[in-house]
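Chain and residue survey
What follows is the residue order along each chain.
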Amino acid sequence: MSGAPRAERGHTMKRREFLLGSTAGAVTTLVANAQPFRTPGDRFFDFQRSNGPLVIDEVEMLELEGHHMMDTGINNQYQVKGEYIYDDMRPPEYVEHPSQIENLPVRWSYLRLRTKQGLEGIFGPIDWDAPTVLRHNFRRFLLGRDALAHETLWDELYRAVPFSRSGAHCMALSAIDNALWDLRAKYYGVPVYKLLGGHSRESVEAYASSWMYSLEPNALRKQATINKQNGYGKQKWFLAYGPGSGEEGIKKNVETVRILRETVGDDDDLMFDAYNGWTLSYALEWARRVEQYHPRWIEEIVATDKLDAFIAFRRGSNIPVATGEHLFGRWEVEKFLQAGAISVIQTDPDWCGGISELVKIGTLASVYDIPVVPHGHGVYASMHTIFSQSPETFPCAEYLLAPMRMPTWYYFEKHPPVPVNAHFALPTGVGFNVEFDPAKIEKQTVITGN
């Protein structure tokens, strides 16, 4: 992908059940009410003139529940974590036991912003840490407010909780911001990316983020080959071992890189994720051993509060270093940019402050010629932002394959965003085009108030 480094030589880039609502029938009503939004733009301006400001009337959480059949004996490979330094917290070697078919419960939350005019902004699924903050801390700030005043709303919500401008509070702020973008786009009758400036390309390349797939050599080769056959020229894999596993573990991590490079060839990009589970010395030793396989980047070598470790790694290795999914807001990102500590920024608009903040982070990154490849457990906010921005700054998208999670992530929706031949097509629906499938919803709970 243009703009993201493949390898670096020095500093030179080579490439790079509270209130029970109605059941599934109510969802049908919600979808039906959405149809009038899909009309020509002039109808929306007529709506504006006749109804005045777009006033937020209620803030609701929609909890949707259902079931999904899944083989729980496969595709549950663990990845390294910081706590695995302790023997009693490190899991045993992963072994697959296929054909364990179970009908598993699926439950996700969506944020819905309702207005006096009847329009609704919807965003989700959102992480389970955010709903409590939404109801208890932020709801009162939104009621009665003009949904079009997005900069003011964002700034007031950010300032409202000075004791915590990260974590669950920033996740809740992100959900609100993204739902407001959906609401405003419906107001004007356009996809979200059009409100962000229009599209910069007709499609966006996705890379295959191969989380939870087995790292056993034969299984590794098989899935990497499948990814390649599906059009993915860029793959990311999640390493399983850290310092607690000693020399044997680092050898296995190196072997994973070697097998993948031999499988996909020299022209495809390979990225790796250590999920904050290493130390600086461990990361440098791994990098020394795998540099010959030219990884595109290594991600989250240590926790992001260890800024000096990122600086030292970038100076001590030719392999680009990526991080950012656990950075909240432009101020945290700026520290990494100013320190020269980062090669690829991975802030997540579901967590970092929403689309509004991701765009600002992209502007900062462009000053330093550092690409932004948003962390992608969710797709909507990232995809619409990427489509609206320069390919140099936002070159591609992450698509999390995660067979134990992604089949259920957008489970309740009729039109989940899925890349074809490793590319997302330009969205055409109004807003985020979220439309629920009543056939999959066994129970819906509407939660309002505190």
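Above this text is the structure in question.
Residue indices follow the written sequence of each chain, beginning from 1 at its first position. Where local features are concerned, this predicted model is filtered to residues with pLDDT of at least 70; where side-chain atom pairs are given and counted, the filter is 80 or more; whole-chain, interface and lining totals use all residues. Excluding hydrogens and water, the side-chain values take into account all heavy atoms of the structure.

**Comments concerning the layout of surface pockets**
One number sums up the size of the largest pocket: a volume of about 410 Å³. Trp 211, Tyr 275, Glu 325, Trp 351 and His 375 are, among the 19 residues lining the largest pocket, the residues nearest its centre. Those elements that place two or more of their residues in the lining of the largest pocket are β7 (234–238) and β12 (397–400). By residue class, the composition of the lining of the largest pocket is seven nonpolar, four polar and eight charged. Using a grid of 1 Å spacing that covers the protein atoms alone, one calls a set of points a cavity when a 1.4 Å probe fits there but cannot get out, and a pocket when the set is open and has protein on both sides within 12 Å along at least five of seven lines; lining residues are those with an atom within 4 Å of a point. Grid points are joined across faces, edges and corners, and a volume is the space filled by probe spheres set on the points. When its volume is computed, the second largest pocket comes out at roughly 270 Å³. Surrounding the second largest pocket, 18 residues form its lining, Met 383, His 415, Pro 417, Ala 425 and Pro 427 being those nearest its centre. For this classification, Asp, Glu, Lys and Arg are treated as charged, while Ala, Val, Leu, Ile, Met, Phe, Trp, Tyr, Cys and Pro are nonpolar and the rest, including Gly, are polar. Residue composition of the lining of the second largest pocket, grouped by class: eleven nonpolar, seven polar and no charged. Numbered from the N terminus, helices here are DSSP runs of H or I no shorter than four residues, and strands are runs of E no shorter than two.

**Some thoughts on the packing of helix α8 (residues 246–264) against helix α9 (residues 280–290)**
For helices, the axis comes from a line fit to the C-alpha atoms of the stretch in contact; other axes are also lines fit to C-alpha atoms, and the angle between any two N-to-C directions lies between 0 and 180 degrees. It is at 10 Å that the axes of α8 and α9 come closest, and there the two elements cross at 45 degrees. Considered as vectors, α8 and α9 are oriented oblique to each other. The two elements α8 and α9 cross, and the hand of that crossing is right-handed. Packed against α8, whose contacting residues are Glu 247, Gly 249, Ile 250, Lys 251, Asn 253, Val 254 and Val 257, the element α9 presents Tyr 282, Glu 285, Trp 286, Arg 289 and Val 290 at the interface. In terms of residue class, the contact of α8 with α9 is built from six nonpolar, two polar and four charged. For classification, angles of less than 35 degrees are called roughly parallel, those exceeding 145 degrees roughly antiparallel, those between 65 and 115 degrees roughly perpendicular, and all remaining angles oblique. With the far helix as reference, a near helix turned anticlockwise by less than a right angle produces a left-handed crossing, and one turned clockwise produces a right-handed crossing. It only takes one pair of heavy atoms within 4.5 Å for two residues to be counted as in contact.

**Re the environment of Lys 251**
Structurally, Lys 251 can be placed in helix α8. Lys 251 sits in the exposed class, given a relative accessible area of 52%. Working definition: with a 1.4 Å probe on protein chains only, accessible area under 20% of the residue-type maximum means buried, over 50% means exposed, and in between means partly exposed.

**Notes on the pairing of strand β6 (residues 203–210)**
Within β6, six of the eight residues are buried, which leaves it mostly tucked inside the rest of the structure. Two strands make a pair as long as DSSP finds a minimum of two bridges between them. Two elements, β6 and strand β13 (residues 423–425), share three bridges in a ladder whose sense is antiparallel. For Val 204, the partnering residue across the bridge sits in β13 and is Phe 424. Inspection of the sheet shows β6 paired to β7 by three bridges, in the parallel sense. Paired with Ala 208 across the strands is Gln 235, a residue of β7. Place the viewer so that the strands point away; then a crossover is right-handed whenever the path from the first strand over the helix to the second strand goes clockwise. Handedness of the crossover is the feature at issue here: the chain leaves β6, passes through helix α7 (residues 217–229), returns alongside β7, and the resulting connection is right-handed.

**Thoughts on the side chain of Gln 235**
As for its position among the elements, Gln 235 is in strand β7. In the analysis that follows, any N or O atom pair within 3.5 Å is treated as a polar contact, provided that within protein one partner can donate a hydrogen and the other can accept it, and provided that, for residues neighboring in sequence, both atoms belong to side chains. A polar atom in the side chain of Gln 235 sits 3.0 Å from the side chain of Asn 227. Setting aside residues up to four positions removed in sequence, Gln 235 forms contacts with Ala 208, Ser 210, Ala 224, Asn 227, Lys 228, Val 264, Asp 269, Leu 270 and Met 271.

**Some thoughts on α9**
Those residues of α9 that fall on the buried side of the exposure criterion are Tyr 282, Ala 283, Trp 286, Ala 287 and Val 290. Within α9, the buried residues cover an arc of 135 degrees as seen down the axis, which keeps them to one side. Looking at α9, the residues exposed on the side facing more than 90 degrees away from the buried face are Ser 281 and Arg 288. Next to the buried residues of α9 lie α8, β8 (269–273), β9 (297–299) and α10 (307–316). The reported arc concerns the directions from the helix axis to the C-beta atoms and nothing else.

**Describing the pattern of salt bridges**
For side chains of opposite charge, pairing can occur when their charged atoms come near one another. Here a salt bridge means any side-chain nitrogen of Lys or Arg lying within 4 Å of a carboxyl oxygen belonging to Asp or Glu. One pass over the full model with this rule turns up 24 salt bridges. Among the ionic pairs, Glu 93 bridges to Lys 252, the shortest N-O distance being 3.4 Å. Highlighted residues: Glu 93 in the loop between β3 (56–71) and β4 (101–115) and Lys 252 in helix α8, separated in sequence by 159 residues. Note on Lys 252: relative accessible area 28%, which makes it partly exposed.

**Remarks on the sheet that holds β3**
Reading across the sheet, the four strands line up as β5-β4-β3-β14 and stay open at both edges, with antiparallel pairing between neighbours. Every interior strand has two partners, whereas the edge strands, β5 (120–126) and β14 (443–447), have only one. In this sheet, neighbouring strand axes are inclined to one another by 25 degrees on average, regardless of whether the strands run parallel or antiparallel. In terms of strand pairing, β4 meets β5 through five bridges, oriented antiparallel. Bridging from a neighbouring strand, Ser 109 pairs with Ile 126 of β5. The sheet strands contacting helix α3 (residues 130–142) are β3, β4, β5 and β14, and the helix crosses β3 at an angle near 160 degrees.

**So, unusual backbone geometry**
A cis amide bond links Gly 124 to the next residue, Pro 125, at an omega of -5 degrees. Positive phi values are uncommon outside glycine, yet Asp 369 reaches one of about 55 degrees. As for its placement among the helices and strands, Asp 369 is situated in the loop between α12 (355–367) and α13 (380–388). Phi is positive for Ala 422, close to 65 degrees, though the residue is something other than glycine. Here Ala 422 lies in the loop between α14 (406–409) and β13. Judged by its relative accessible area of 1%, Ala 422 is buried.

**Description of the environment of His 384**
Mapping His 384 onto the fold places it in helix α13. Residue classification places His 384 among the buried residues on the basis of a relative accessible area of 1%. With 189 residues separating them in the primary sequence, His 384 and Leu 195 have C-alpha atoms 9.7 Å apart. If near-sequence neighbours (up to four positions away) are discounted, His 384 is found in contact with Pro 191, Val 192, Tyr 193, Leu 196, Pro 427, Gly 431 and Phe 432.

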